[in-house]
Amino acid sequence: MSFKELGLSGAVVKGATKQGYTVPTPVQKEAIPYVLKGKDLLGIAQTGSGKTAAYALPLLEKTQTNRAFKNRHVKVLVLVPTRELALQVGEVFLAVNAHMPIQIKTLAVFGGVSINPQMMKLQGTDILVATPGRLLDLVDNKAVQLSDVETLVLDEADKMLNLGFEQELRQILALLPKKRQNLLFSATLDAKVNAIQETLLDQPVLVEIQPEDPLEAAQITEQAYAVPSEKKGPFLRWLIKEQKMPQVLIFVSATQRADHLVTKLGNNGIKAVALHSGKSQGARTEALALFKRGKVTALVATDLAARGIDIEQLPFVINYDLPRSSKDYIHRIGRTGRAGATGEALTLVTPEDAHHFKIIQKQTKRTIPIKEMEEIDLKGY
Ligand code: AMP
């Protein structure tokens, strides 16, 4: 089944192909025809399944012939829980649209940065991707009108509700026209998501993509190394250099450790930036952009800051510090091997970590070989 057969026109198919989306993923196959038809939809799908394009492609298709008529009256509203996701989703719309003859204006807005530039940029916007709080601020400032919204997308609805955005959501829903298309995407169907889908969706189509083990889905090779604490730094540098890693995402357990490691790597000729919640939003966006553009070799992140980030063709993830939970382990290694590519996930295990690492393996139902590093000469690293 091709994108064309799903009902997308040549312009959108070309945009998708240029992004490397040649064959539709399962969620895209199931969702696209219904989104095009204007149906409400409940999509249970994880990040990594291609869910963003599952709504972005058909919504770009429809917006081609249905542009925003009045200034600042957006037609499509995509609500997301985090700034990182807002940027990422906005990028998918922009990147696909860049290859289409009709330029549709997409804007991503989120808090933590100055509101004025966003107010200016909202002029002429067709598709708005927003975090709930900032959207309400923009509405208060009369920078955007929601009375013409024809399609509402709630992406990562479970996370949005868990982060306590219920009240904001209710306020936003009250500003939307009653007659509209609603698309709700969530990784899980928990009680909160179920409650909201019942009030929001009208005879929805259910698209459920079973969560797959990222190991099977994405061909990630997992390995671990037994390393004494005091040798972790030199061993990490040895790994990066010895394996000629073009790029690597390194996970640490705390903000200060991220900054410290970035300095150490830099002193040893490995360009690195940190991504953690102690940094301003601007600095985080900049760090991620530098890494994505290949300007730095290593991105050193904490679990919280790395939630949901999507980096194409990331070949290596290193767990410099063990994750706290097995869920975090799965999330971390799932940053590599995206969309069918191969990836390697390497974990450093100190003697103190050994027991915890056994528990992680048991809970995630894997057996990860632990290599001893005695033979390696770390002098000079
Ligand atoms: P998402 O689930 O939206 O976070 O998408 C996960 C990743 O899959 C992103 O890196 C997309 O660029 C990629 N992707 C989405 N659709 C396709 C497709 N049809 N073929 C290949 N890659 C895709």
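It should be noted that the structure appears before, not after, this text.
About the cut-offs
- Residues numbered from 1 in each chain as written.
- Predicted model: local features only at pLDDT ≥ 70, side-chain atom pairs only at ≥ 80, totals over all residues.
- Heavy atoms only, no water.
- Helix = DSSP H or I, 4+ residues; strand = E, 2+ residues; numbered from the N terminus.
- Contact = heavy atoms within 4.5 Å.
- Lys, Arg positive; Asp, Glu negative; His and termini not counted.
- Charge placed at Lys NZ, Arg CZ, Asp CG, Glu CD.
- Near = heavy atom within 4 Å.
- Polar contact = N/O pair within 3.5 Å; in protein donor to acceptor, adjacent residues only side chain to side chain.
- Areas by Shrake-Rupley, 256 points an atom, 1.4 Å probe, with all protein chains shown as cover.
- Nonpolar A, V, L, I, M, F, W, Y, C, P; charged D, E, K, R; others polar.
- Domains from an automatic or database assignment.
- Buried < 20%, exposed > 50% of the residue type's maximum accessible area, 1.4 Å probe, protein only.
- Axes fitted to C-alpha atoms, helices over the stretch in contact; angles between N-to-C directions.
- Parallel < 35°, antiparallel > 145°, perpendicular 65-115°, else oblique.
- Left-handed = near helix turned anticlockwise from the far one by under 90°.
- Core = buried A, V, L, I, M, F, W, Y, C linked by side-chain atoms within 4.5 Å.
- Pairing = 2+ DSSP bridges.

Draft legend 1. Quick look at the overall build of the protein chain. Regarding its fold elements, the protein chain presents 15 helices and 14 strands. Based on the C-alpha atoms only, the size of the protein chain along its principal axes is roughly 65 × 40 × 40 Å. Partitioning the intrachain contacts of the protein chain with sequence separation of at least 6 by distance along the chain shows that 75% fall at a separation of at least 24. Taking the 48 positively charged and 40 negatively charged side chains of the protein chain as two groups, their mean positions are separated by 5 Å.

Draft legend 2. Highlighting the site of the ligand. What surrounds the ligand is a group of 18 residues, the closest being Val-23, Gln-28, Gly-48, Gly-50 and Thr-52. Between the ligand and the protein, one listed contact pairs an oxygen atom with a backbone N or O atom of Lys-51 at 3.2 Å. In this structure, an oxygen atom belonging to the ligand sits 2.6 Å away from a side-chain N or O atom of Thr-52. Protein chains shield 89% of the accessible area of the ligand, which is 500 Å² for the free molecule. By residue class, the composition of the shell around the ligand is five nonpolar, nine polar and four charged. Summarising the domain contributions, the shell around the ligand has at least three residues from each of domain 1 (10-209) and domain 2 (219-372).

Draft legend 3. A look at unusual backbone geometry. With phi around 40°, Gln-203 is a residue other than glycine that occupies positive phi space. For Gln-203, the location among the structural elements is in the loop between helix 9 (191-200) and strand 7 (205-208). Exposure remark for Gln-203: the relative accessible area of 63% places this residue in the exposed category. Positive phi outside glycine occurs at Lys-365, with the angle close to 55°. When you line up the elements, Lys-365 lands in the loop between helix 15 (354-363) and strand 14 (370-372).

Draft legend 4. Just the packing of helix 2 (residues 26-37) against helix 3 (residues 51-64), in detail. Orientation of helix 2 relative to helix 3, taken along the N-to-C sense of each, is 30°, at an axis distance of 9 Å. By the angle class used here, helix 2 and helix 3 are roughly parallel. When the axes of helix 2 and helix 3 are compared, the crossing they make is right-handed. Here Val-27, Gln-28, Ala-31, Ile-32, Val-35 and Leu-36 of helix 2 come into contact with helix 3, specifically with Lys-51, Ala-53, Ala-54, Leu-57, Pro-58, Leu-59, Glu-61 and Lys-62.

Draft legend 5. Region of the structure containing the side chain of Thr-131. Tracing the sequence through the fold places Thr-131 in the loop between strand 4 (127-130) and helix 6 (132-140). Overall, Thr-131 belongs to the buried group, its relative accessible area being 7%. Every residue in contact with Thr-131, bar those within four places of it in the chain, is listed here: Val-80, Pro-81, Thr-82, Arg-83, Val-109, Phe-110 and Gly-111.

Draft legend 6. Inspection of the nonpolar core at higher detail. By size, the foremost hydrophobic cluster in this structure holds 41 residues, and its most contacted members are Tyr-55, Leu-57, Val-78 and Phe-93. Listing elements by their share of this core, those giving two or more residues are helix 1 (10-18), helix 2, helix 3, strand 2 (76-79), helix 4 (83-97), strand 4, strand 6 (181-186) and strand 7. When residues in this core are grouped by element, the largest group, seven residues, is from helix 3. Those residues within four positions of Leu-57 in sequence are excluded, and the remaining contacts are Phe-3, Leu-8, Val-12, Ala-16, Ile-32 and Val-96. Residues Ile-115, Val-139, Met-160 and Leu-161 belong to the second largest nonpolar core, which totals 34 residues.

Draft legend 7. Representation of helix 11 (residues 232-242) within the structure. With nine of its eleven residues buried, helix 11 lies for the most part within the structure. Every buried residue of helix 11 is listed here: Lys-232, Gly-233, Pro-234, Phe-235, Leu-236, Arg-237, Trp-238, Leu-239 and Ile-240. Those residues of helix 11 that are buried lie in contact with strand 8 (220-226), strand 9 (248-251), helix 12 (255-267), strand 12 (316-319) and strand 13 (343-349). Positive phi appears at Lys-244, one or two residues downstream of helix 11, with a value of about 50°.

Draft legend 8. Highlighting the pairing of strand 8. When you tally the buried positions in strand 8, you get six out of seven residues, the bulk of the element. Where strand 8 lies against strand 13, seven bridges are found, and the strand directions are parallel. In the sheet register, Tyr-225 faces strand 13, and the bridge partner there is Leu-348. Pairing analysis gives three bridges linking strand 8 to strand 14, with the strands arranged parallel. Of the residues in strand 14, the one forming a bridge with Ala-224 is Ile-370.

Fair warning: the whole summary comes from geometry, so function is off the table for now.
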